[in-house]
Amino acid sequence: MKLSPKLELAGVSLRDMTEADIPAVEALERRLFPVDAWPLQMFFDELAQPETRRYLVAEAAGEIIAYAGLMCIEPIADVQTIAVVPEFEGRGIGSAVLAELIDEARRRRAADVLLEVRADNPRAQQLYVRFGFEQIHVRPRYYRDGTDALIMRLALNEQHPSEGAPA
């Protein structure tokens, strides 16, 4: 998987998630999303469906620092989750992971990529807009704490000049 030279020089690598990664990913999930964390079994269930799913991890110094997943059932791909530990935010890791998920959606011949993002997470929203996502809907009180979810869509048959561009 391709990473920017800057990330490669920083010792960051991107690879497919394995079952052996799940305990570390689930611990990060609980740390990063304490209210909405996925249960451990959900990660195992997701990895057990490679015909419609792909999950990635980013590592630095042997530690998982980001993870993400995509579900694709033609013609729609859906970003199931994407997370970067706060200590590594702003270094292009989220962009690299998202770019790989979009590439996977294209390989699986999806027409659109959808995702939900918290209305109170402007940093993530900005990342998605840079890749050409547009808000198409709001799900009121979608998250357990009552926060709305913004539904965003990227049409893969359209070209976006800012796609993948750094902020």
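These lines cover the structure that appears in this document, whether it is placed above or below. (Residues numbered from 1 in each chain as written. Predicted model: local features only at pLDDT ≥ 70, side-chain atom pairs only at ≥ 80, totals over all residues. Heavy atoms only, no water.)

Concerning the overall build of the protein
The criterion, for reference: Helix numbering and strand numbering both begin at the N terminus, where a helix is a DSSP run of H or I of at least 4 residues and a strand a DSSP run of E of at least 2. Accessible area is worked out with a 1.4 Å probe on protein chains only. A residue is then buried under 20% of its type maximum, exposed over 50%, and partly exposed in between. Two residues qualify as a contact provided that any one of their heavy atoms is within 4.5 Å of a heavy atom in the partner residue.
If you tally the helices and strands in the protein, you get five helices and seven strands. Traced from its N-terminal end to its C-terminal end, the protein shows the element sequence α-β-α-α-β-β-β-α-β-α-β-β. Counting every position in the protein, which comprises 167 residues, the buried fraction comes to 46%. Sequence-distant contacts, at least 24 apart, represent 61% of the contacts inside the protein between residues at least 6 apart.

Details of the environment of Glu 59
Rules: Here a polar contact means two N or O atoms within 3.5 Å. Within protein one must be a hydrogen donor candidate and the other an acceptor candidate, and residues neighboring in sequence count only if both atoms are side-chain atoms.
Along the polypeptide, Glu 59 turns up in strand E2 (residues 53-60). Along the sequence, Glu 59 and Ile 93 sit 34 residues apart, while their C-alpha atoms lie 9.8 Å from each other. Apart from residues no more than four positions distant in its own chain, Glu 59 is found in contact with Gly 11, Val 12, Ser 13, Arg 15, Ile 64 and Ile 65. Engagement of the side chain of Glu 59 in a polar contact is seen with the side chain of Arg 15, the distance being 3.1 Å.

Here's the deal with the pairing of strand E3 (residues 63-73)
Quick reminder of the rule: Between any two strands, pairing holds if DSSP finds at least two bridges.
For E3, the tally of buried residues reaches eight of 11 residues, placing the bulk of the element in the interior. Count of turn residues in the E2/E3 antiparallel hairpin: two residues, of which Ala 61 carries a positive phi of about 50 degrees. As paired elements, E3 and strand E4 (residues 76-84) share eight bridges and run antiparallel to each other. By the bridge assignment for E4, Cys 72 is matched with Ala 77.

A word on the sheet that holds E4
For the record, the criterion: Axes here mean lines fitted to C-alpha atoms, for a helix over just the part in contact, with angles spanning 0 to 180 degrees between N-to-C directions.
Ordered in space as E1-E2-E3-E4-E5-E7-E6, the seven strands form an open sheet in which the pairing is mixed. A single partner strand is all that each edge strand has here, and the edge strands are strand E1 (12-16) and strand E6 (134-139). Averaged over all pairs of adjacent strands, the angle between strand axes in this sheet comes to 25 degrees, irrespective of strand direction. Note that strand E5 (residues 112-118) and strand E7 (residues 149-155) share seven bridges and pair antiparallel. Bridge pairing in E7 links Val 113 to Leu 154. Helix H5 (residues 122-130) contacts E4, E5 and E7 of the sheet and is inclined by roughly 165 degrees relative to E5.

Scope: geometric values only; no functional claims are made or implied.
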